[in-house]
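Summary of the model geometry
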Amino acid sequence: MEGPSIVILSEELQEFLGKKVLKVRGNTKQPKDDLKGRTLERIDTWGKVLFLTFSHKTLPSIVTKTHFMMFGSYRINEPRENRDPRLELTFKNGIVYFYSCSIKFGAEDYQKSLDPRVDVLSPDWDPDHVLMLMKKKQSTYLCDLFLDQSLFAGSGNIVKNEALFNLRRHPMTKLSEISKKDWSLLVHAIHEYCFNFYEWKKEFQLRRHWQVYRKSICPVCGSKIQRKKMGKNERATFICPHCQNERNSKKELILFEVMPIEDSAEREERLDH
DNA sequence: ATTCATGTTGTGAT
DNA sequence: TATCACAACATGAA
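Residues numbered from 1 in each chain as written. Chains lettered and ligands numbered in written order. Predicted model: local features only at pLDDT ≥ 70, side-chain atom pairs only at ≥ 80, totals over all residues. Heavy atoms only, no water.

Attention shifts here to the overall build of chain A. Looking only at helices and strands, chain A has six helices and 10 strands in total. A compact globule built from 273 residues should have a C-alpha radius of gyration of about 19 Å, and chain A, at 20 Å, falls within 12% of that. Principal axes of the C-alpha set define a box for chain A whose edges measure 65 × 45 × 30 Å. Residue burial in chain A is summarised as follows: out of 273 residues, 49% are buried. Counting only contacts in chain A whose residues sit at least 6 apart along the sequence, the fraction spanning at least 24 positions is 64%. Approximately 13900 Å² of chain A is accessible, and the part contributed by carbon and sulfur atoms is 49%. One way to put it: in chain A the 46 positive side-chain charges average out to a point 5 Å from where the 37 negative ones average out. (Helix = DSSP H or I, 4+ residues; strand = E, 2+ residues; numbered from the N terminus. Rg over C-alpha atoms; globule rule 2.2 N^0.38 Å. Buried < 20%, exposed > 50% of the residue type's maximum accessible area, 1.4 Å probe, protein only. Contact = heavy atoms within 4.5 Å. Areas by Shrake-Rupley, 256 points an atom, 1.4 Å probe, with all protein chains shown as cover. Lys, Arg positive; Asp, Glu negative; His and termini not counted. Charge placed at Lys NZ, Arg CZ, Asp CG, Glu CD.)

This brings us to the packing of aromatic side chains. Ring pairs (aromatic) are described by centroid distance and by the angle formed between their planes. Under the criterion given, the structure shown has 10 aromatic pairs. Ring centres of F68 and Y74 lie 6.3 Å apart, and the angle between their planes is 65°; this geometry places the pair in the edge-to-face category. Comparing F68 with Y74 shows no difference in burial state: the two are buried. Plain terms: the ring middles of Y193 and W200 are 5.7 Å apart, the flat faces sit at 70° to each other, and that makes the pair edge-to-face. Both residues of the pair, Y193 and W200, belong to the buried class. Positioned above the aromatic ring of Y110 is the side chain of K65, whose terminal nitrogen or guanidinium carbon lies 4.9 Å from the ring centre. Its guanidinium or amino end placed over the ring of F165, R168 lies 4.3 Å from that ring's centre, counting from NZ or CZ. (Phe/Tyr/Trp six-rings, centres within 6.5 Å; stacked < 30°, edge-to-face > 60°. Lys NZ or Arg CZ within 6 Å of the ring centre and 35° of its normal.)

The end-to-end C-alpha distance of helix α6 (residues 183–202) is 29 Å, a good match for the 28 Å that 20 residues give at a rise of 1.5 Å each. Those residues of α6 that sit buried are W183, L186, V187, A189, I190, H191, Y193, C194, F197, Y198, W200 and K201. Lining the buried residues of α6 we find α1 (3–12), α3 (127–134), α4 (142–145) and α5 (157–167). In the stretch just after α6, F204 is the one whose phi turns positive, near 55°. (Expected span 1.5 Å × (residues − 1).)

Right, let's get into the pattern of salt bridges. Note that side chains of opposite charge can pair when their charged atoms are close. Applying the stated criterion to the full structure yields nine salt bridges. We note a salt bridge from D115 to R117, for which the minimum N-O separation is 2.9 Å. Between K181 and D182 there is a salt bridge, and its shortest N-O distance comes to 3.4 Å. The network of salt bridges with common partners includes R25, R80 and E88. (Salt bridge = Lys/Arg side-chain N within 4 Å of Asp/Glu carboxyl O.)

So, about the sheet that holds strand β7 (residues 94–99). Strand order in the open sheet formed by four strands is β1-β6-β7-β5, and the pairing between neighbours is antiparallel. One side of each edge strand has no neighbouring strand; the edge strands of this open sheet are β1 (23–25) and β5 (73–76). Neighbour to neighbour, the strand axes of the sheet diverge by 10° on average, direction disregarded. Bridging between β1 and strand β6 (residues 87–91) involves three bridges; their strand directions are antiparallel. By the bridge assignment, K23 is partnered in β6 with T90. (Pairing = 2+ DSSP bridges. Axes fitted to C-alpha atoms, helices over the stretch in contact; angles between N-to-C directions.)

Residue placement: V187 occurs in helix α6. Judged by its relative accessible area of 2%, V187 falls in the buried class. Residues V187 and L131, 56 residues apart in the sequence, show an inter-C-alpha distance of 7.7 Å.

As a further point, take the protein's contact with DNA strand B. Around DNA strand B sit 21 residues in total, of which M69, F71, Y213, R227 and R235 are the nearest. Close to the protein, within 4 Å, the atoms of DNA strand B are drawn from sugar and phosphate at a rate of 59%. Contact distances for DNA strand B include 2.9 Å between a phosphate oxygen and a side-chain N or O atom of K48. Among the elements of the structure, β4 (62–67), α5, β9 (226–230) and β10 (235–239) are those that each provide at least two residues to the surface near DNA strand B. Taken together, the residues that form the surface near DNA strand B break down as eight nonpolar, five polar and eight charged. (Near = heavy atom within 4 Å. Polar contact = N/O pair within 3.5 Å; in protein donor to acceptor, adjacent residues only side chain to side chain. Nonpolar A, V, L, I, M, F, W, Y, C, P; charged D, E, K, R; others polar.)

This paragraph deals with the sheet that holds strand β8 (residues 102–105). With respect to topology, four strands assemble into an open sheet ordered β2-β3-β4-β8, the strand pairing being antiparallel. The open sheet terminates on both sides in strands that have one partner only, identified here as β2 (39–46) and β8. Taken pair by pair, the neighbouring strands of this sheet meet at an average axis angle of 20°, ignoring direction. Examined bridge by bridge, strand β3 (residues 49–55) and β4 share six bridges and lie antiparallel to one another. Along β4, the bridge assignment pairs F54 with I62.

Function-wise, these values are silent; they only describe arrangement.
This is the structure:
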């Protein structure tokens, strides 16, 4: 799950804020029973990470860190799936299920160490600070840069591919090949796509707006989309060989708008990440 | 049946 | 010391 999906989850969890944990289940190896009787005191996010703070009248608070990685999912106030949840929390007013995610307790110090200025979804997001950090990343390819959580916390493979297409730049372009005056446009492209992602997902319209990610035809020029593993961690990367041609790098950098693809017969799944 | 994928973290080798 | 390769985790869709 990418950052915008975590923000949506945090909003869906608001109904449990201030509520007491009545029952705990799940196959996590963390000391889950310690949560019983505590009150959900805070709900925070940083990039793709969810932090829940559980307070107690006399004992210290417990901060949990949840990361959904590739396959994680959640359900709220729905019948439990056949499989065991990693963690299941029963409140007076409902139940939360977290599936196949990574959960760690005692995350207070870790949470404090994170910088909200690089969290693309945070109100404290600070593009000037990000631009400053980018100076140390000159030799990085854009496909790696756009996934770097220390610069763009919350950006994931969808954001990477779509933002690069909206900029019409090839993923294997090095940051140093982009004129410094255009760097803020790179930052802006990621920020804007994250917020579009957030809105589209809430309306179950995210897939409809994919231009290249898991697509076969470029919506702009009709070329066949190429899929190739690229960058440091060989993540799947989708490009239009015409619109994102390396030779375009001499052209002015422009952030193009996204048009929904109308003929897409794909049905939007509510449970999509 | 097999492959792939909205990701991170830890370990041991280089 | 830094970087790298690889494993581990976990599940549903194509």
